[in-house]
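Spelled out from the first residue to the last, the chains are:
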Amino acid sequence: MNLGFGAAATLTGLLIGVLCSLPPLGLALKHRLYRPALLTLAACALGGFSAGLWGGALMLVLMSGVVISYAYVDREDPFTSRASIDEVDFSESNWEFSLRKMAALGRTVRASAHALVRNKAGFLGFLGLVFFFVMIVFGPLFIEYDGQPHYYDRLKPGAKTLFQGPSKEFPLGLDWQGRDVLSHIVYGGKNLIRTSVEAGLMTTVIAVVLGSMAGLLGGVVDQALSALSNFILTIPTFPLLVVLAGIITFDNHTYLALLFAALYWPTLMRAVRAQVFSLRERDYVQAAVALDLGLPHLIFREVLPNMISYIVVNMIFTIRGAMYALVGLVFLGMVPVQEPDWAVMIYIGRTRQVIFNARAASMLLSPIIAIALFQLSLVLFTRSLEEIFNPRLRRGL
Amino acid sequence: MAQNDVVMSVRDLSVNYLTERGPLQAVNRISFELHQGETLALMGESGCGKSTLVMALMRLLPSNARVPNGEIHYTTRDGRVIDVLKMSKGKLRAFRWSECAMVFQGALNALNPVIRVRDMFYDTGRAHGMGSKDAVRERALELFRLVRLDPERVFNAYPHELSGGMRQRVLIALGLLLDPQVVILDEPTTAVDILTQRTIIDVLMAIRDKLGFSIIFISHDLAVAAEMADTVATMYAGEIVEIGPVNEMFYRPHHGYTLGLLEAIPSLAAEAEELVSIPGSPPDLIEPPPGCKFHERCPFAVERCSREVPPLVDVDETHRVACFEADRVIAKARETIQA
Amino acid sequence: MWRSYAFRVTVQGLLTLWAVTTFTFVMIRKMPGNPVEVVIDQLIDRQQLSYEEARQQAAGLFDFDPGQPLIEQYADYMNKLLHGDMGKSISSAGTPVANQIKRYLPWTLFSVGSGLIISFTLGVLLGMAMAYWRGSVFDNVLTAAASLMYGIPDFIIALLLLLVAGVQLKLFSMEDVLGGVGQDVHAGLNLPYLKSVVQHAALPVITYVWGTVGGWILTMKSSTISTLGEDYIMVAKARGLPERRILTAYVGRNAMLPLVTRLAISIGFVVGGSVIIEFIFQYPGLGRQLAMAIGTRDYTTMQGIFLVIASAVVFSNILADLLFGMLDPRVRVGGEE
């Protein structure tokens, strides 16, 4: 039985979520924290339902932190007390230490949630992304994919003609083969979004690794990588993609994502490199270098925490850029088309001259609006991300 | 000092910042007088309202600041008295810099990086009708010599070509361009190294004695204050809690907070453990505590301090303090300062 | 100092240009599944030629001598490029690629260029005004609008314009907006011709402005806000300078600095136009020609157009660095790092 992502959107997933909620829920009820308890139950159930064991476990940790952050009281800051510094006991058991860390995690989660809700534009973007997530994960539970062409002789029940406009049975109308446009919208986003997100992730990983390497190793490595990034930055990305599409056949979307990553990494890489250089000047990093703590330690403990906000926002913009390029390539017919896909719907709209057919607008407008809304949500969401990851923008609880 | 040589007189001045939680009382009912040629030092922790006060004196407050009450009277050289808070925009523009100039902290950012030093002098001269460029230039070069800068080279340089100490002196020269009566110095020595600090202080004292303007200055460095100031005012939580001549303030402080600040000065002779910092942190200025704002941190505090606000009363003709327990403070001060 | 800076910037740019041309050479000749191989296969397939014959013919099409060693072919290719010779088009029977580029480039320069000017001017003025009246209704509305514009891809706007304004609302007829100029007017300096050119460029320009103005507005706004917070602005006010002087020499000049570089870089991207927008509006520019060349597997045209686009970007980058050095005196002495 698959309890991981396979359990998503099933009753098993929901059950996993509820089970995961038990420990923090018990703790919350013990401390009479009813509102956090309710939130815990909801969050864990949602986590389990949408991502199986993984989602449930994540929510278990996060919500435990939140509950502990309400229940846990830190000892008084010796600075504000009148006691002599010698009388203060600074020792701390492992248990107290983990409690304090969990509470800190919980406060971070709460602060992030507040930041998310406070920035209205960002929250709107977040809601948009949630909407698409729900549609892609849960939509197939209710709507069946309508892939086979229906012609005049075997129209769908209730349909009058091809290219039918929106009606009660078919809210987004029918396409050029008499198929339900709504089902194509529900099923058609998954690949596009996944490829774009893959591209964003790969870009980020490549950029962070290369940037840290250039910054930390310096010398020849740095010069070579900087020259390469300068070179790539100068090439106009989209025309190059188009030219490459003319030479190579992009039949695998992961390769396509890798190609995007190969073209998009320099911007972030330069920022990471600059950050590493400025960090290297600081004593504690020099100490870490002197202690030979290794590359991973330097990257994960010193470099990344300082620029996480920039990295995440950059990733979102890369996802957006990758989606733009992907839809563009499909639109120009440079990538083999495969249904269901929003971009392919636009491509077909163009090749079938739907654009000049006033009756058929819904078939073309639906994917256009879906893509526009998704990209808009991404851009708006970065506002919240900035506030969440930038402690200076965050205000106290 | 005679009564008729007052250059600037501040009465009952308050400044509030509008915040999400409500108005923040950054400056609360402050009064003082500044005489011709006098140097007034403002002491206090960061956030006590020193900077807000001097910004208010030039009406340079940010847009979320309000002045609910108070008067700032300024006497020009020809004896006219002007109310700074009621001035029109045009008159204010003329008043700024020609009567009251300011040398900002952080010399690095106080000069526009994309234009030359000379253009900043020309701009200032033109804005105040100083006539020809040559007149501005002549005056600037003379001032540069006074602040010990290589006149020609600095005049034609871009800010980034100068060192921190040089920039600070350029700012001082720029402040003196229009021969103002009052110069405000906002931590003039914080952003530079210790040797440069020395030069700047020497230069400032020399030109003050030569040109005879009055100075209001903010410094965290009490040694500098002791050296330069005639009068010292201690500010706490937006209020002046004690004001008096420099020797009085340093040797016979009447307020617990002044004493606390003095005890926090590291001296070469003193052992490290004798250094006492004031425990706790400044109060919330949006919902200030009742009574004396310092009572929560004050070692001399009695029950009355948390109920009643101590008024600023005269110790003698020039020395005023706002404390109920001044006698105990002065007794303690005699003990520690003599020891 | 200025000279050595300019020299360094120029040399770097030329090196990049050399790298781009070499990269293109390798891509066309040596990459797995490269165009030369594809054409050879096609010729063998269609015209029943032997491999050698097909190779000769393909070499003729791509304008290289198959008998030479690769390094000499490369030298020959570079030499021809230096003389502006980019070979002949494969699909349109022997037209020199350079001629094709000369024909399509002006359209792109005109439409995207005017779009860039409009977009930049609007963005700078609005961005600065928004920073000045920060928090006002004007600022909030425009910030929302700018994010909205920035969030929606430009080709989506192009399609929406055609679909909603053209097809559904019938605000204009398709013949009036698609293509570069109307059929019934004669080229030359006469009013109907110019009018038709402007009319046909309107939609691509609107789309371009829509897609880019949000970015300019937001950058200018944040740049102005951070400049307004600088000490030297406060000092300028304290010095009693007139508002106008502060706005231009103190706020404007410093806030524009980061934008000027971006503007210069954008000029380079004008040449590439927007492939998709030109394609949608059937606008006879370089970008659409690139897409068409790929559609017809016209590799020489494709290579030529790509090289022109890339060199435009390289040159504008050099320009951007030089401009930045002139405007910001700090760059000249500090050098890099």
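Residues numbered from 1 in each chain as written. Chains lettered and ligands numbered in written order. Predicted model: local features only at pLDDT ≥ 70, side-chain atom pairs only at ≥ 80, totals over all residues. Heavy atoms only, no water.

Caption draft 1: Spotlight on the sheet that holds strand S11 (residues 239–245) of chain B. Residue and element names in this part refer to chain B. One open sheet accounts for eight strands, arranged S7-S8-S9-S3-S10-S11-S13-S12; its pairing is mixed. Because the sheet does not close on itself, it has two edges, and the strands there are strand S7 (100–103) and strand S12 (313–314). Relative to strand S9 (residues 214–218), strand S3 (residues 39–43) is paired through four bridges, and the arrangement is parallel. Of the residues in S9, the one forming a bridge with Thr 39 is Ile 215. (Pairing = 2+ DSSP bridges. Helix = DSSP H or I, 4+ residues; strand = E, 2+ residues; numbered from the N terminus.)

Caption draft 2: Inspection of the packing of helix H5 (residues 97–132) of chain C against helix H11 (residues 243–272) of chain C at higher detail. Residue and element names in this part refer to chain C. Two elements in contact, H5 and H11, have axes whose closest approach is 11 Å; the angle formed by their N-to-C orientations is 150°. Between H5 and H11, the interaxial angle falls into the category roughly antiparallel. Here H5 and H11 pass one another in a crossing that is right-handed. Together, Leu 105, Thr 108, Leu 109, Val 112, Gly 113, Leu 116, Phe 120, Val 124, Met 128 and Tyr 132 of H5 and Glu 243, Leu 247, Val 251, Gly 252, Met 256, Leu 259, Leu 263, Ser 266, Ile 267, Val 270 and Val 271 of H11 make up the contact between the two elements. In terms of residue class, the contact of H5 with H11 is made up of 16 nonpolar, four polar and one charged. (Axes fitted to C-alpha atoms, helices over the stretch in contact; angles between N-to-C directions. Parallel < 35°, antiparallel > 145°, perpendicular 65-115°, else oblique. Left-handed = near helix turned anticlockwise from the far one by under 90°. Contact = heavy atoms within 4.5 Å. Nonpolar A, V, L, I, M, F, W, Y, C, P; charged D, E, K, R; others polar.)

Caption draft 3: Up close: the nonpolar core. Ranked by size, the top nonpolar core spans 138 residues in total, and within it Phe 260, Leu 329, Leu 332 and Trp 342 of chain A together with Met 302 of chain C carry the most contacts. Element by element, the count of residues in this core is highest for helix H10 (residues 295–331) of chain A, at 15 residues. (Core = buried A, V, L, I, M, F, W, Y, C linked by side-chain atoms within 4.5 Å. Buried < 20%, exposed > 50% of the residue type's maximum accessible area, 1.4 Å probe, protein only.)

Caption draft 4: Representation of the packing of aromatic side chains in the model. In this structure the tally under the stated criterion is 24 aromatic pairs over all chains. Taking the centre distance of 5.3 Å and the plane angle of 85° together, the rings of Phe 132 of chain A and Phe 374 of chain A count as edge-to-face. In this pair, Phe 132 of chain A is assigned in helix H4 (residues 120–142) and Phe 374 of chain A in helix H12 (residues 361–389), connecting sequence segments 242 residues apart. Each member of the pair Phe 132 of chain A and Phe 374 of chain A is classed as buried. The structure contains a cluster of three or more aromatic residues connected by ring pairs, namely Phe 131, Phe 132, Trp 342 and Phe 374 of chain A. In this arrangement the basic side chain of Lys 133 of chain B is found over the ring face of Tyr 122 of chain B, its NZ or CZ atom lying 4.7 Å from the centre. For the cation-ring pair, Arg 304 of chain B lies above Phe 324 of chain B, with the distance from its terminal atom to the ring centre recorded as 3.7 Å. (Phe/Tyr/Trp six-rings, centres within 6.5 Å; stacked < 30°, edge-to-face > 60°. Lys NZ or Arg CZ within 6 Å of the ring centre and 35° of its normal.)

Caption draft 5: Layout of the interface of chain C and chain A. Taken residue by residue, the interface counts 46 residues in chain C and 39 residues in chain A. When chain C packs against chain A, the two sides together hide about 3800 Å² of surface, and 82% of this comes from carbon and sulfur. Where chain C packs against chain A, one counts zero salt bridges. Where chain C touches chain A, the interface holds one residue pair in polar contact (both at pLDDT 80 or more). The set of elements that each furnish at least two residues to the side of chain C that touches chain A consists of helix H1 (2–29), helix H6 (137–151), helix H7 (154–168), helix H12 (275–280), helix H13 (286–295) and helix H14 (299–327) of chain C. For the side of chain C that touches chain A, the element with the most residues is H7 of chain C, which contributes nine residues. Looking at the side of chain C that touches chain A residue by residue, the classes come out as 34 nonpolar, nine polar and three charged. (Buried area = accessible area lost by both parts, 1.4 Å probe. Salt bridge = Lys/Arg side-chain N within 4 Å of Asp/Glu carboxyl O. Polar contact = N/O pair within 3.5 Å; in protein donor to acceptor, adjacent residues only side chain to side chain.)

Caption draft 6: Inspection of the environment of Gln 36 of chain B at higher detail. Residues and elements named next belong to chain B. One can find Gln 36 in the loop between strand S2 (22–35) and S3. Sequence separation between Gln 36 and Val 84 is 48 residues; the distance between their C-alpha atoms is 18 Å. When residues no more than four places from it in sequence are discounted, the contact partners of Gln 36 are Asp 5, Val 7, Gln 181 and Ser 214.

Caption draft 7: Focus on the pairing of S7 of chain B. All names here are of chain B. Because side chains alternate across S7, one face comprises the buried residues Cys 100 and Met 102, and the other comprises Ala 101 and Val 103, equally buried. Here S7 pairs with strand S8 (residues 182–186) via four bridges, running parallel. By the bridge assignment for S8, Met 102 is matched with Ile 184.

Caption draft 8: Focus on helix H2 (residues 35–47) of chain C. All names here are of chain C. Here H2 spans 18 Å end to end across 13 residues, near enough to the 18 Å set by a 1.5 Å rise per residue. Inspection of H2 places Pro 35, Val 36, Val 39, Ile 40 and Leu 43 among the buried residues, and these make up the whole buried set. One side of H2 carries all its buried residues, which in axial view fall inside an arc of 140°. Immediately downstream of H2, the backbone of Gln 48 shows phi near 50°, a positive value. (Expected span 1.5 Å × (residues − 1). Arc of directions from axis to C-beta.)

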